[in-house]
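# What the coordinates show
Listed below, chain by chain, are the residues.
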Amino acid sequence: VVTQVALDRCTGCRACELVCSFRATGTFWPQASAIQVAQLYQDPGVRFDLTVDPESCDLCAGEPVPRCLEACPRSVLSRAGIREMRGGAQ
Amino acid sequence: MIAPPQQSYGWTGVSAVVDLTLEEVRIVPTAELRGPFPGGRAAGQLVVSQHVPRDASPLDPQNLLVLGAGPLVGTAAPASSRVSIDTKGLTTGGVSSSNAGGHWAPELKYAGFDMLVVEGRAKEPTYLLIEEGRIAFRDATHLWGSTTWETETALRQVHGDQRLQLLSIGPAGERMSPIACIMVDRARAAGHGGCGGVMGSKNLKAVACRGGGPIRVASPESFMDSVRRAEEKIAASRSAGLLREGGTHFRSGAGGFDGTRPTTVRNSQDEVWTPERAAMVREPVLRARYEVARLACFNCSMYCSHYYHVTDGPFAGLASEGVHSNTVRGFGSNLDVTDPAAILQANALCNQYGLDVDGASNVIAWAFELYQRGILTRDEADGLDLRWGDPRAVVALLERVCHGEGIGALLQLGAGRASKQLGRDSAYYALTSKGHDLNESAMRSHKGWALGIMTSARGGGHLNGAPSTEFARLSSDVSMQHFGVTTAGIPQLYEGKPEVLVYFERLKAAVDAMGMCYFTSQWTDVALLDPSDYASLYSAATGDEVSTGELMRMGEQVVNLERALSYLHAGYTRENDYPPERLMRESIPRGDYAGERLDRAQWDRMLDRYYALHSWDAASGLPTEDGLRRMGLTHLVQVWTEGLERL
């Protein structure tokens, strides 16, 4: 269970997927993004499943802020949250 | 499987012609379809103008349904989500162009395609499955009769993929209703022009997409610089902030965020709703009572879609999304309804059954006024007591339109056609333009706004150029700086409005050709993205360097193309650019704009000036042969000459 990601604030825009894939490949390629967003209607309500592939996410090493965190328009993500989604490695 | 061109930037470079009759797919280079245009609406209109016969009915298999994503769709350009749907329209009989956000268009590109040109008619209900460069025809018999929500759920389940993106029609489209729309992601409608009915005529229930490929841009770093500049403008804009805070409803629905904005009341008999009634359906009320989540179209930082859950009252259990200012105007003030849950229910029904909110609410308002005046009896209204403000009567009548049953069989035609069928002088109360239903506020008071709505080739709508500067009360200095006239911000003045309209017509056509949302543009706020921003994004994405002037000229080409098509297919000329009689005859009875109506002589002067700015013929309101050549529309010249001879 992810506790440090504000999933209730996610809008499903997928800006995180775009910037992540751009850093990795220089293209806009959501499938190649380390972070993946799935929007599931569960009337009443919408659930967002966010996952981060620990193999390909390095928290944007060498950059001041992970790009997904920077691109998120609604402050859903945090460093701690991304680490949590990567599988708890601190 | 097809291999995309290695050096295609922005575009995937690949499009497809899908023949439903023969169940054949022909892969074509996008460049072949889009001609001199970037994509989206511009390319869609070009394809329609080249390949749809003038004598074809919109419901004939020869009509084309063009689903197009522009070169910026699926990139990091803000709100790069739009699919443009272009066809010969059911409502106007001529131009139909409508676009929707959501996530479908980016997925089409990730699956390898820029545009789909759908032709013919499937023998049985069919859906298309697009995956990784492949297009398959699938049986949709079991889905026929399903709502759009049921269709989305069923197909995601069948294909075991929650990220499958869907574009579909509901039962209204299957019945070929002229007010049927195409839905994307449950709540994003391509509402205009009856495109859902055209899709229904092709026996095409849905187009499902999933893609795993990349989109390349020509100059990645330069492109991202342009993206950053664009996002900074969006972050700094107060109007964009209002959209983010409460969506279009908050900003401009039924009185707007401060309650002072004109709205339509009782089928436009009035344009002032009492503050007490407006306060009952304002966005903050819905937010506090029902909002569960905010949802965004692809890569949009304004997330203007609100997901609501109703937990009490007669509509308890309703969960739906996508209420906008037009919903609250059409099903709220224009029917005098103050029950917010009823408005949400009406919106949900429209989305599920695939009805255009504007068309459905307008035709219902028309029926209510006929009932008020004794032109329509209670028996004819299936026993319903159509009293203004009764939410149960509104929902009950809408349900009949959804099913096409009882009086719904008449109303599903839209107010224009329904009034012709009914007769009894009911046409006076049908608010339409070029056969298309109008759900628009402030048409008597805001002259430039009205001019944009009435001259739109696709039949009404405020998203073809109608300037919002009058609502923003732009200062004379800012007006002069942007439009070369001082009056863009003064609603009641006729002078200077054609100049402002022409600017926004070009800008909108350019934005639509890119595949970005119009809300990112100066239309929302003059401080937002201007033509130079779109030119930068486009140039860096595609490697095709365009100047600001060239981009706006491209917009002018599209405006000319649509004006020509509108005449060639439907015969529309100057006489179809006038407002409904009611708006010229009856003044606004009260409020800040009391006494305002549209004056025919002043309207004529606006039209003269508007045509002159486009170099169109004043008497007919049409481009000249030389004008078409100058605009690069040479393929229309011969047929144009033949057509004009019959004028």
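A brief look at the structure comes next. Every value quoted in this text rests on a predicted model; they were computed, and no experiment measured them.

Let's shift gears to the packing of aromatic side chains. In this description, an aromatic ring pair is defined by two values, namely the gap between the centres and the angle between the planes. Enumeration over the complete set of coordinates arrives at 17 aromatic pairs over all chains. Relative to Trp523(B), the ring of Tyr518(B) lies with its centre 4.9 Å away and its plane at 20 degrees, an arrangement referred to as stacked. Take Tyr518(B) and Trp523(B): they sit in the same class, and that class is buried. Following the ring pairs from residue to residue traces out a cluster consisting of Phe22(A), Phe28(A) and Phe223(B). One Lys or Arg, Arg261(B), reaches over the ring of Phe471(B) and ends 3.8 Å from the middle of that ring.

Further remarks concern the sheet that holds strand β10 (residues 182–184) of chain B. Residues and elements named next belong to chain B. Reading across from one edge, β8-β7-β12-β9-β10-β11 is the order of the six strands in this open sheet, with mixed pairing throughout. With partners counted over all chains shown, the strands left at the sheet margins are β8 (134–139) and β11 (188–190), one partner each. This sheet shows a mean twist of 20 degrees between the axes of neighbouring strands, independent of strand direction. Pairing between strand β7 (residues 126–131) and β8: six bridges, direction antiparallel. Residue pairing in the sheet places Ile-130 in a bridge with Ile-135 of β8.

All right, on to the side chain of Thr487(B) then. Mapped onto the elements of the fold, Thr487(B) is located in the loop between α19 (476–483) and α20 (497–514). In this structure Thr487(B) touches Ser479(B), Leu493(B), Glu495(B), Gly496(B) and Lys497(B), once residues within four positions along its chain are discounted.

Turning our attention to empty space enclosed by the protein. Counting across every chain of the model gives seven cavities of 30 Å³ or more. Each pocket or cavity is described by its volume, and for the largest cavity that value is around 180 Å³. Residue lining of the largest cavity: 17 residues in total, with Gln39(A), His103(B), Arg156(B), Gln165(B) and Asp185(B) positioned closest to the centre. The dominant element in the lining of the largest cavity, judged by the number of residues it contributes, is strand β1 (residues 35–41) of chain A, at four residues. The residue makeup of the lining of the largest cavity, split by class, is five nonpolar, five polar and seven charged. Reported here for the second largest cavity is a volume of approximately 120 Å³. If you trace the second largest cavity, you find 16 residues lining it, with Cys10(A), Cys13(A), Cys16(A), Cys72(A) and Val76(A) closest to the centre. The residue inventory of the lining of the second largest cavity, partitioned by class, reads 11 nonpolar, two polar and three charged.

Let us look at the pattern of salt bridges. If you walk through the whole model with that rule in mind, you get 45 salt bridges over all chains. Taken together, the salt bridges that share partners define one network made up of Arg14(A), Glu17(A), Glu107(B) and Arg163(B).

Residue and element names in this part refer to chain B. By the secondary structure assignment, Leu-166 is in strand β9 (residues 165–168). Taking the C-alpha atoms as reference points, Leu-166 and Thr-148, 18 residues apart in sequence, are found 9.1 Å from one another. Contacts of Leu-166, omitting those with residues within four sequence positions, involve Trp-104, Glu-152, Leu-155, Arg-156, Met-183, Val-184, Asp-185, Ala-206, Val-207 and Ala-208.

The next subject is the pairing of strand β1 (residues 14–19) of chain B. Residue and element names in this part refer to chain B. Burial of β1 is extensive: six of the six residues sit out of reach of the surface. Residues of β1 alternate between two faces, with Val-14, Ala-16 and Val-18 on one and Ser-15, Val-17 and Asp-19 on the opposite face, all of them buried. Here six bridges tie β1 to strand β2 (residues 24–29), and the two strands are oriented antiparallel to one another. Within the sheet, the bridge partner assigned to Val-14 lies in β2 and is Pro-29. The pairing of β1 with strand β6 (residues 115–119) spans four bridges and is classified as parallel.

Each pair of packed helices can be described by the angle between their axes along with the distance between the axes. Residue and element names in this part refer to chain B. In contact at an axis separation of 11 Å, α20 and helix α21 (residues 531–542) are set at 20 degrees when each is read in the N-to-C sense. Taken together, the axes of α20 and α21 lie roughly parallel to each other. Our pair here, α20 against α21, has a crossing hand that is left-handed. Residue-level contacts link Tyr-503, Leu-507, Val-511 and Met-514 of α20 to Pro-531, Tyr-534 and Tyr-538 of α21. Among the residues forming the contact of α20 with α21, the class breakdown is seven nonpolar, no polar and no charged.

This brings us to unusual backbone geometry. Asp43(A) connects to Pro44(A) through a cis peptide bond whose omega is 0 degrees. Backbone geometry places Arg186(B), a non-glycine residue, at a positive phi of 65 degrees. In this fold, Arg186(B) is placed in the loop between β10 and β11. Judged by relative accessible area, which is 5%, Arg186(B) ranks as buried. For Ser615(B), which is not glycine, the phi torsion reads 60 degrees and is therefore positive. Within the secondary structure layout, Ser615(B) lies in the loop between α24 (600–614) and α25 (625–630). Overall, the relative accessible area of 39% leaves Ser615(B) in the partly exposed class.

Definitions and cut-offs
- Residues numbered from 1 in each chain as written.
- Chains lettered and ligands numbered in written order.
- Predicted model: local features only at pLDDT ≥ 70, side-chain atom pairs only at ≥ 80, totals over all residues.
- Heavy atoms only, no water.
- Phe/Tyr/Trp six-rings, centres within 6.5 Å; stacked < 30°, edge-to-face > 60°.
- Buried < 20%, exposed > 50% of the residue type's maximum accessible area, 1.4 Å probe, protein only.
- Lys NZ or Arg CZ within 6 Å of the ring centre and 35° of its normal.
- Pairing = 2+ DSSP bridges.
- Helix = DSSP H or I, 4+ residues; strand = E, 2+ residues; numbered from the N terminus.
- Axes fitted to C-alpha atoms, helices over the stretch in contact; angles between N-to-C directions.
- Contact = heavy atoms within 4.5 Å.
- 1 Å grid on protein atoms, 1.4 Å probe; cavity = no way out; pocket = protein on both sides within 12 Å on 5 of 7 lines; lining within 4 Å.
- Points joined across faces, edges and corners; volume = space filled by probe spheres on them.
- Nonpolar A, V, L, I, M, F, W, Y, C, P; charged D, E, K, R; others polar.
- Salt bridge = Lys/Arg side-chain N within 4 Å of Asp/Glu carboxyl O.
- Parallel < 35°, antiparallel > 145°, perpendicular 65-115°, else oblique.
- Left-handed = near helix turned anticlockwise from the far one by under 90°.

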